[in-house]
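One-letter residues, chain by chain:
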Amino acid sequence: MRAQLARVDAVIVQAVIAGALSFSHLHDLADAAGQGGWKAWAYPVSVDLLLVAAWRRMREQQRAGQPAGGPRLWFLIALAASLGANVATAGLLDLDDVPPSLRVVVAGWPAVAFFGGTLLAHTPRIVDSLPVAAIPETDGEPAPVPAVVDTPDRDAHPAPVAEPDPDTESPTTPAPVAAPAAPAVTLPPALIDRAQALAEQHRATTGLVADPDAVRARLGLPPSMTAAVAAHL
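Description of the structure in this document. All values reported here derive from a predicted model rather than from experimental measurement.

With the rule as written, the count across this model stands at three aromatic pairs. Aromatic side chains Trp74 and Phe115 sit 5.9 Å apart centroid to centroid with 65 degrees between the ring planes, which places their arrangement in the edge-to-face category. Residue Trp74 is located in helix α3 (residues 69–92), and its partner Phe115 is located in helix α4 (residues 100–121); the two are separated by 41 residues in the primary sequence. Overall, the relative accessible area of 10% leaves Trp74 in the buried class.

Residues Leu50 and Trp109 are the most contacted members of the largest nonpolar core, which totals 19 residues. At six residues, helix α2 (residues 38–63) tops the list of elements feeding residues into this core. Ignoring anything within four residues of it in the chain, the contact list for Trp109 reads Tyr43, Ser46, Val47, Leu50, Ile77, Ala78 and Ala81. With 13 residues, the next largest nonpolar core counts Leu191, Leu198, Val215 and Ala228 among its residues.

With 24 residues, α3 should cover 34 Å at 1.5 Å per step; its first-to-last C-alpha distance of 32 Å lies within 8% of that length. Three or more residues of α3 are buried, namely Pro71, Trp74, Phe75, Ala78, Ser82, Ala85 and Ala88.

Basis of the calculations
Residues numbered from 1 in each chain as written. Predicted model: local features only at pLDDT ≥ 70, side-chain atom pairs only at ≥ 80, totals over all residues. Heavy atoms only, no water. Phe/Tyr/Trp six-rings, centres within 6.5 Å; stacked < 30°, edge-to-face > 60°. Helix = DSSP H or I, 4+ residues; strand = E, 2+ residues; numbered from the N terminus. Buried < 20%, exposed > 50% of the residue type's maximum accessible area, 1.4 Å probe, protein only. Core = buried A, V, L, I, M, F, W, Y, C linked by side-chain atoms within 4.5 Å. Contact = heavy atoms within 4.5 Å. Expected span 1.5 Å × (residues − 1).

These figures capture arrangement, not role.
Encoded structure:
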């Protein structure tokens, strides 16, 4: 733990030193270009804030798999401004006689930084998509009743039974009559998943097996669907 804290402290100290030096160089360059007083102190803040904001937005869009060309462009512009000030104050530029072109660049920087910051601020933030439930909650309104799937006509309408012949069969022995098949009721896969999720939630909360009739009521289904719900629990 102490070794990790030592490494973190070293990184923080290094970042503070580098930030202070860059801040001082930007201030000196702005002051030499004619932006004295509080304006010379505002230039390094503007450059560093644009640099950090562009970096964060670029990383967000890259993690979300979205193109990050806009934030990367503003990050490079702010990096060039910071790096250029550091190099210019290293003795390569006479700060007592700044070229007019550099004065124009320094004077125009606030408009550039304002434009870039506005674009970054109004860029829609990338939000991690969440899985959408297959079936919405049915607490507010009942779920739609699933369609009843009828069996083929051959099963739903059995062939008529032939009348017994009084000459060949005894009148006291009735002929067997085939009972019509009950129509099969199937639940959509989405309702099956929802019913199983409610049963699992009830089992995890109470430790008891869920009542099919209670699950059927939670789904907003009619009482005739209890058997169909129980078949999937």
